[in-house]
Amino acid sequence: MRFQDFIDQQKARKATTDIQLAKSLIGMSDNHIEAIKKLAIDEITASTIMATYYEALREIIEAIAAKKGYKIYSHDALTYFLKELGKDLIADKFDRFRKIRNGINYYGKRISKESTESNVKDIERIIAELKQKFLSDVK
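As the structure is a prediction and not an experimental result, all values here were calculated from the model. (Residues numbered from 1 in each chain as written. Predicted model: local features only at pLDDT ≥ 70, side-chain atom pairs only at ≥ 80, totals over all residues. Heavy atoms only, no water.)

Caption draft 1: Examining helix α2 (residues 19-36) more closely. Here α2 spans 26 Å end to end across 18 residues, near enough to the 26 Å set by a 1.5 Å rise per residue. Within the sequence span of α2, burial applies to A22, L25, I26, S29, I33 and I36. Projection of α2 onto a plane perpendicular to its axis shows the buried side chains occupying an angular sector of 105 degrees, all on one side. Exposed side chains of α2 directed beyond 90 degrees from the buried face belong to Q20 and E34. A distance of 3.4 Å separates the backbone nitrogen of Q20 from a side-chain oxygen at the start of α2, and that oxygen is part of D18. (Helix = DSSP H or I, 4+ residues; strand = E, 2+ residues; numbered from the N terminus. Expected span 1.5 Å × (residues − 1). Buried < 20%, exposed > 50% of the residue type's maximum accessible area, 1.4 Å probe, protein only. Arc of directions from axis to C-beta. Polar contact = N/O pair within 3.5 Å; in protein donor to acceptor, adjacent residues only side chain to side chain.)

The structure is reproduced here in structure tokens:
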């Protein structure tokens, strides 16, 4: 699949560049991370922390899309949007995180403390990289 396929299926569309939306999404992502960092990762909080970190990452990707003039309605499409940007490794990791989050939210699956700790480090690194590469000029 390609990102264009999602546009053709109306799961994404070309829109006007929206810097205000990008700023808002960056702020929401930052707030999610700041809030969730107040919790210690343990067997009870691990799933909530993982799902929230996924949302923070998704918001950053949507901020990039808003800056580039796209509105994306599908989490799957976000994966292909990243691939379109040449970020294949990040796209694959995002898709893996999406599946973990879906398992948590829709199937009641739990994630271990250790997996969450590892994923959180990875997500924080990815967010920093994406913000630096694509959003550093959004103030």
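Caption draft 2: Seen up close, the nonpolar core. In terms of nonpolar packing, the biggest core is built from 40 residues, with L57, I61, I72, L130 and L135 touching the most fellow members. The set of elements that each furnish at least two residues to this core consists of α1 (3-8), α2, α3 (46-68), α4 (75-84), α5 (88-107) and α6 (113-135). Ranked by residue count, the leading element in this core is α3, at 13 residues. For L130, the residues in contact, after removing those within four places along its chain, are L57, I60, I61, I64, L82, I90 and L135. (Core = buried A, V, L, I, M, F, W, Y, C linked by side-chain atoms within 4.5 Å. Contact = heavy atoms within 4.5 Å.)

Caption draft 3: Region of interest: the pattern of salt bridges. One pass over the structure, following the stated rule, counts 16 salt bridges. Close ionic contact of D137 with K67 constitutes a salt bridge, the shortest N to O distance being 2.7 Å. Note that D137 is positioned in the segment after α6 and K67 in helix α3, a separation of 70 residues in sequence. Taking relative accessible area as the criterion, D137 reaches 52% and is therefore assigned exposed. With relative accessibility at 23%, the residue K67 sits in the partly exposed group. When salt bridges with common partners are traced through the structure, they connect K87, K93, D122, R125 and E129 into a single cluster. (Salt bridge = Lys/Arg side-chain N within 4 Å of Asp/Glu carboxyl O.)

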